[in-house]
Every structure is written in structure tokens, then in C-alpha cells.
Amino acid sequence: MMGSSEVAMHALSGAVPAHFSPSLFANAPHLAIPYKTRGKYRRKSRALAASCSTSRMRNGCLRDYGFRNINNRLLSLKCKCQRAESTSGDANKTWFTEPTSKADQILGELNGQKVVDFENGSVIMPNDVSVNQSSDKTRGNSVEDVAWRLLQESVVYYCGTPVGTIAAKDPSDSGSSVLNYDQVFIRDFIPSGMAFLLMGEYEIVRNFILHTLQLQSWEKTMDCHSPGQGLMPASFKIRTVPLDGDDSATEEVLDPDFGEAAIGRVAPVDSGLWWIILLRAYGKCSGDLSVQERIDVQTGIKMILKLCLADGFDMFPTLLVTDGSCMIDRRMGIHGHPLEIQALFYSALVCAREMLAPEDGSADLIRALNNRLIALSFHIREYYWVDKRKLNEIYRYKTEEYSYDAVNKFNIYPDQISPWLVEWMPEKGGYFIGNLQPAHMDFRFFSLGNLWSIVSSLATTHQSLAILDLIEAKWSDLVADMPFKICYPALEGQEWQIITGSDPKNTPWSYHNGGSWPTLLWQLTVACIKMNRPEIAARAIEVAEKRIAADRWPEYYDTKRARFIGKQARLYQTWSIAGFLVAKLLLKNPDAARNIWNDEDAEIVNALNIIVDSNPRKRGRKVLKKTYII
Ligand code: GLC
């Protein structure tokens, strides 16, 4: 059944004049979004207010969502709450604490059973793990029970409704040291959202999707510049502010940060991509497709796509971004075409294609999307891939080739192959490099990009298996005492000085610079299950389970082998908690991982086969141009 807030949203979308219809947004982005200076928004007139449906909440809070007034270019996302009826009381949390909830049942089963129970018998080790670890556990005290409890405690409410999870909730942290870890980060919420979906708790994910969608429309400015429409914020915070002209009342305001307050003013390119991925997972897990079918949600998807597919100067199908525009949100030399963004981009395109309603107005967009998918997968599979054979090929590259048929298209000088890589590349296995630019290959191994290439089927089956082979072969570098290294190896010495700007947080083998992030466990688990090698994930979970709870769920670990809790790591970091929980839940119920990964697309495979079947020497303009037409 539709809540009154949704009714309001629907009614409001319907009330929009015809020339603002979503299909037209694609052609006239400047008309699409009503905006006003960022800050608190006030309704201009009573007549207008009456057209916006409000509902009295359990806690007596009046809320009005998604209020769009085109004429006044006004957008409101606020909730008026009576001070006496605070929204933070326990009453708001009843949706979680029902004694026999689905979540309880799932956790109960998880505790009472072996963690992995695959029919093919290839998984032996984790059963022992589960038995050993849970022998002294009573129901309710297992590591996953603790994780679930902590995850519930991290929930953030807006007008009494759960809308996200706070980045970190360390009771010992206070004041300015909290920085922005008291916000709901879009990327950090993804593992939380997945955990809720797997636990059968759909409401919070649905709310998160719809609220962040409203924030997408917010005007964002950096000094005198407004970044592109369609951008999703990096994070948001709920502030309670006094209501104008009424001392006895407050209102809650959702306050987004698009990077204009973030350290380094980095643009959150990944937010919108993750939002699309979560939206699809929500539909798959809950079976509720009504959210993705809504007009405002369809418009939101299109806005993200338009922003990503917009023409620029770039010659490559990969997305061109600035440094720090993803999970690694500080300078780490990942500007250009970093793998993480490309894998998320590919995944978001595939998910969006699955969800976009066919309609005349979006034919061009869908054509552009299809063309980009093919070009992007060809580019990454062909040019980002390295294994021993390819490395040897690069080692013998000729340079300065001026022709359409150049073998060394990007003019890579063989001397760039770092000494560490010559030693490190295993006999069996391979991976996608971190970044590719003219005359530059960033050979560092970036975990999230590689794992998500498997999950999204950006990598071929052969490449996906080879990435997992490499992870096994390089276990002591990538997992060691805590999964999973964010990138390998760390930048050191002068390279660290120049590339990070001597960043004291990103010193070698710390934080983004070779630190180990437990949250990456969930992506590892989806990738392993997809490739039918769950035992790899189970082994990594076993390593994490030994200490993660005792260490109080750190954000990241330091040193080459991840022996220490990170220098400045937050404790009780929500996505460490959620990442672990999702990994556990998926090992217990591997079928559920299907709702997260993307199967390889037959159309793309066909198109790629045409490219590959043609004479490799002629893999130039003509062939590619021909195959782009769908
Ligand atoms: C750090 C991480 C970033 C994360 C944020 C909040 O800045 O690099 O990916 O979103 O913390 O946890």
C-alpha cells in the first residue's frame, strides 16, 4: 500500500505542467529541476501548501516530501516536528524490534547452521569455521548477531522514518573529531542497504532511495559554479532547526553535501551509480517493482545517465573523473579513468537498462547506453587487462606508432613496468590495472574495481576466474591479517610525496594507500559466489571474524599485513559492520547473491565477438564504428 508521502509525491509529479514531463527532461535539462538557493526551504503560500499532502506520523510529526513548486523554483525536503514529540524516541524504532521479525528468523538460522553448505561439496573449510566459532556462542551473541544489533543502532531517522545509516557510531568519539562521520554516506549505505534487503527489512532501503532521489534535485554550488544536474550527494545529514515564527516547534531538514563541504571538495561520482545499483537490488530482493517504475524514479535514473553519457572531449568510452571521486575520496593519483568508477559505471548502465521503462522519449538514451556498454566493456577487457603474457607483450612494446592499427595504442613505454610488478605477477591469474591514460598505465591492483568487474560481468568469465586466482596467489598481500587491501602496493617515498601531496593520512600501508578495509568483504563474497568459488570468501571471512568484533569494527587496518588498527580509523564503522554481515548472510544463502550481480549480457557478448573475430590488426575505427550500431 502506498504511504501518504508517496501519494504526495505521485500527486505532485502529476501536477507538474506538461512541459516538465520526465521525457522532456532529457532534452531540456535546464528546465528539469526546480531550484533555489541551498538551505532551509519554506513554503511560499498556503494555497500551494494545501496541494501538498501531509500526514501525521506516529510521533505527531507532520511531513511533506518531494514538494515541487515549479513557478517559485522551490523544492522542499523538510519535516515539521513538535519539540515535545521528539523523533528520536524509541517509539520510532518499533519497525526493527518486533520479536519474531523475518530478520530474527534469518539470524537464528544463520547461527544454528553451517555457514556454507554447497551441494557440490567443494566447500569444506567454512563448515568447520562455523562450528568452531559458534560452539561457544549462544543465540544472540554471535558476531553476526552483534553486527546486526550495531547496524540497527546506526540507523538514522527522518521524521520517525528510517532513512539511512550513520557512517560511524563510536561512543568514544565526540565533538569536532567526528568530522563528517555523523552523516549518511551514499556509498557507505550500500552494504547496509544490502544487509537490510537480505534480512527482509525493505522499508529503510526504499526510504533511502526516495529521499536521496529528492536530494538529487537540490541545487549545489561550489563558489560560483553549479555542478551538473543529476549528481547525487556524497552524504546527507538530518538537522533539527527551529521553525520560523514558532518557538515551540522544530523542523527536520535533510542537508546534502555534494562535495562542496567535503575535504578537498571532491565530486562523488560514484553516488549516483551506487544508487542505481541499490535500486535494482531493492526490486530484485523485495519483489516490489513499483519504486523503480515511479515517474520520479525513472526521471532520476535518466538524469544520472544523462550526466554520465554527456559528450565531452574524451576519446575513450570510460568515464573521465577527477581524483578522489569514489571510495578513495582523497588524492591518490586516480584521476582520469580509474577502474572503480568504470566498473560501477558499467554496472549502473546494465542495471538502468533493466529498469528503464520503454517509452518513445527515452529511445535515444537507451541507444546511447547500449553503445556505451559495448565500447566500455571492449575497452576495459582489452586495454586494462594484465597477466603474465600481456605484461611480456608490454615489455616488448614498440613506441611512437602513428597509425590506426597501432599495437601500442596508448604509447606505453615499457620502462613503466614497475620492478614490483615483474616479481608480483603470478604465473596463474591476472587483473585489471587501476587506470589507463596516454603513455601511462597505473599498474596498482585496486580491489573494489576488480571485484565489481566480476560482479557486474564487465570482466569475461575467464578474466573473472583469473582475478580470483590472483587473489588466492597473493593472499598474504591482499588479505593477510584482515581482508581486504584497498589497493596494492602502497605509494612510497617521493612517489607518495608527489602523488598524495604528502598526505599524512595516506602514508604507506595506511588508509587509502595500501590500508585494509573490512567493508570490501561483501563485494568479495558476491564475486566469489558468482564464480562458484565461495570458499575463497569463506576463508577471508574466517580471518576477519577472528578479530573484527574485538577490535570494535575499525574502518581500516594499517601495515603491509594489516596487523594494526588504522592510525586514524574510526571504530564502529557502519560499513565494516554491514560488509561483514552481508558476507555472512550471502555465504549462508548464496542464491540471494543473484539479486546483486549482473549476468553477462548476450547482446554485448555478440557485439564483442564481432570485434574480436575481425582481424585484430584491423581493430581500428572502421570495425568499431560498424559494431556500435544496435
Ligand atoms: C572515508 C572513505 C569514504 C567513506 C567515508 C565515510 O572518507 O574514504 O569512502 O565514504 O570515509 O565512511
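## Re the overall build of the chain
- Within the chain, the secondary structure is distributed over 26 helices and 14 strands.
- For the chain, the residues scored as buried account for 60% of the 630 residues in total.
- Looking at the chain alone, contacts between residues at least 24 apart form 72% of all its contacts between residues at least 6 apart.

## Quick notes on helix 19 (residues 461–473)
- Under the 1.5 Å per step criterion, the end-to-end length of helix 19 is 18 Å for 13 residues, consistent within 8% with the ideal 18 Å.
- Those residues of helix 19 that fall on the buried side of the exposure criterion are Gln463, Ser464, Ala466, Ile467, Leu468, Asp469, Leu470 and Ile471.

## Examining the packing of helix 14 (residues 339–355) against helix 18 (residues 447–455)
- Remark: helix 14 packs on helix 18, axes separated minimally by 7 Å, with the N-to-C direction vectors making an angle of 25°. The angle between the axes of helix 14 and helix 18 places the two elements in the roughly parallel class. Crossing hand, helix 14 versus helix 18: left-handed. Between helix 14 and helix 18, the residues in contact are Leu339, Glu340, Ala343, Leu344 and Ser347 and Leu448, Gly449, Asn450, Trp452 and Ser453, respectively.
- The class makeup of the residues in the contact of helix 14 with helix 18 is five nonpolar, four polar and one charged.

## Digging into the pairing of strand 5 (residues 161–165)
- Extensive coverage of strand 5 is indicated by the burial of five of its five residues.
- Where strand 4 (residues 155–158) and strand 5 come together, four bridges link them in antiparallel fashion. Looking across to strand 5, one finds that Val156 is bridged to Gly164.
- Count of turn residues in the strand 4/strand 5 antiparallel hairpin: two residues, of which Cys159 carries a positive phi of about 55°.

## Digging into the side chain of Thr165
- Structurally, Thr165 is set in strand 5.
- Its relative accessible area of 1% is what places Thr165 among the buried residues.
- Within the local environment of Thr165, its side chain forms a polar contact with the side chain of Ser192, the two groups lying 2.9 Å apart.
- Thr165 has contacts with Leu151, Ser154, Val155, Val156, Gln183, Val184, Phe185, Phe189, Ser192, Phe196 and Thr574, leaving out every residue within four places of it along the chain.

## A word on the nonpolar core
- In terms of nonpolar packing, the biggest core is built from 172 residues, with Trp275, Ile276, Ile301, Leu305, Tyr431, Phe443 and Ile471 touching the most fellow members.
- It is helix 14 that contributes the most residues to this core, twelve residues altogether.
- With sequence-adjacent residues up to four places away left out, Leu305 is seen in contact with Ile276, Leu349, Ala352, Leu356, Leu365 and Leu369.

## Focus on the environment of Gly515
- Here Gly515 shows up in the loop between helix 21 (493–500) and helix 22 (521–530).
- The buried category is assigned to Gly515, whose relative accessible area is 0%.
- Note: C-alpha distance between Gly515 and Cys487 (28 residues apart in sequence) is 7.4 Å.
- Discounting chain neighbours no more than four positions away, the residues touching Gly515 are Phe484, Lys485, Ile486, Trp509, Ser510 and Tyr557.

## Looking at the pairing of strand 7 (residues 235–243)
- As paired elements, strand 6 (residues 184–185) and strand 7 share two bridges and run antiparallel to each other. Bridge pairing links Phe185 to Ser235 in strand 7.
- Between strand 7 and strand 8 (residues 246–257), which follow one another and run antiparallel, lie two residues, and Gly245 among them has a positive phi close to 75°.

## Notes on the confidence of the model for the chain
- Looking at the chain, the pLDDT average stands at 80 and 76% of residues meet or exceed 70.
- Confidence over residues 1–76 falls short of pLDDT 50; this stretch has 150 contacts with residues more than four positions distant or in other chains.

## A look at helix 8 (residues 143–153)
- For helix 8, the buried fraction is high: eight of the eleven residues fall into the buried class.
- For helix 8, the set of buried residues is Val143, Glu144, Asp145, Ala147, Trp148, Leu150, Leu151 and Gln152.

## Thoughts on the site of the ligand
- In the neighbourhood of the ligand, 13 residues make up the surrounding shell, with Asp188, Met327, Asp329, His512 and Gln573 lying closest.
- Between Tyr511 and the ligand, the recorded distance is 3.2 Å, taken from a side-chain N or O atom to an oxygen atom.
- Gln573 places a side-chain nitrogen or oxygen 2.9 Å from an oxygen atom of the ligand.
- Calculation on the ligand without its partners gives an accessible area of 310 Å², and the protein chains cover 96% of this total.
- Split by residue class, the shell around the ligand holds seven nonpolar, two polar and four charged.

## Quick word on the packing of aromatic side chains
- One pass over the structure, following the stated rule, counts 21 aromatic pairs.
- With centroids separated by 5.4 Å and ring planes inclined at 80°, the aromatic side chains of Phe316 and Phe410 adopt a geometry described as edge-to-face. Of this pair, Phe316 sits in the loop between helix 13 (295–309) and helix 14 while Phe410 sits in the loop between helix 16 (388–395) and helix 17 (419–424), and the two are 94 residues apart along the sequence. Across this residue pair, the class does not change: Phe316 and Phe410 are buried.
- Ring centres 5.6 Å apart and planes at 65° place the aromatic pair Trp553 and Phe580 in the edge-to-face group. Of this pair, Trp553 sits in the loop between helix 23 (534–545) and strand 13 (557–558) while Phe580 sits in helix 24 (residues 574–588), placing them 27 residues apart in sequence.
- Relative accessible area serves as the criterion here: at 1%, Trp553 is assigned to the buried category.
- Residue Phe580 is classed as buried on the basis of its relative accessible area, which comes to 0%.

## Considering the side chain of Thr525
- Structurally, the position occupied by Thr525 is in helix 22.
- With a relative accessible area of 0%, Thr525 lands in the buried category.
- With residues up to four places along the chain from it excluded, the contact list for Thr525 reads Ala537, Ile541, Ala583, Leu586 and Leu587.

## A closer look at the packing of helix 10 (residues 203–216) against helix 13
- Axis separation between helix 10 and helix 13 bottoms out at 10 Å; the angle between their running directions is 55°. In terms of axis orientation, helix 10 runs oblique to helix 13. Judged by the sense of rotation from one axis to the other, the crossing of helix 10 with helix 13 is left-handed. Taken together, the residues of helix 13 that come into contact with helix 10 (itself represented by Leu210, Leu213, Gln214 and Gln216) are Asp296, Val297, Gly300, Met303 and Ile304.
- Per-class residue counts for the contact of helix 10 with helix 13 are five nonpolar, three polar and one charged.

Parameters at a glance
- Residues numbered from 1 in each chain as written.
- Predicted model: local features only at pLDDT ≥ 70, side-chain atom pairs only at ≥ 80, totals over all residues.
- Heavy atoms only, no water.
- Helix = DSSP H or I, 4+ residues; strand = E, 2+ residues; numbered from the N terminus.
- Buried < 20%, exposed > 50% of the residue type's maximum accessible area, 1.4 Å probe, protein only.
- Contact = heavy atoms within 4.5 Å.
- Expected span 1.5 Å × (residues − 1).
- Axes fitted to C-alpha atoms, helices over the stretch in contact; angles between N-to-C directions.
- Parallel < 35°, antiparallel > 145°, perpendicular 65-115°, else oblique.
- Left-handed = near helix turned anticlockwise from the far one by under 90°.
- Nonpolar A, V, L, I, M, F, W, Y, C, P; charged D, E, K, R; others polar.
- Pairing = 2+ DSSP bridges.
- Polar contact = N/O pair within 3.5 Å; in protein donor to acceptor, adjacent residues only side chain to side chain.
- Core = buried A, V, L, I, M, F, W, Y, C linked by side-chain atoms within 4.5 Å.
- pLDDT = per-residue confidence, 0-100.
- Near = heavy atom within 4 Å.
- Areas by Shrake-Rupley, 256 points an atom, 1.4 Å probe, with all protein chains shown as cover.
- Phe/Tyr/Trp six-rings, centres within 6.5 Å; stacked < 30°, edge-to-face > 60°.

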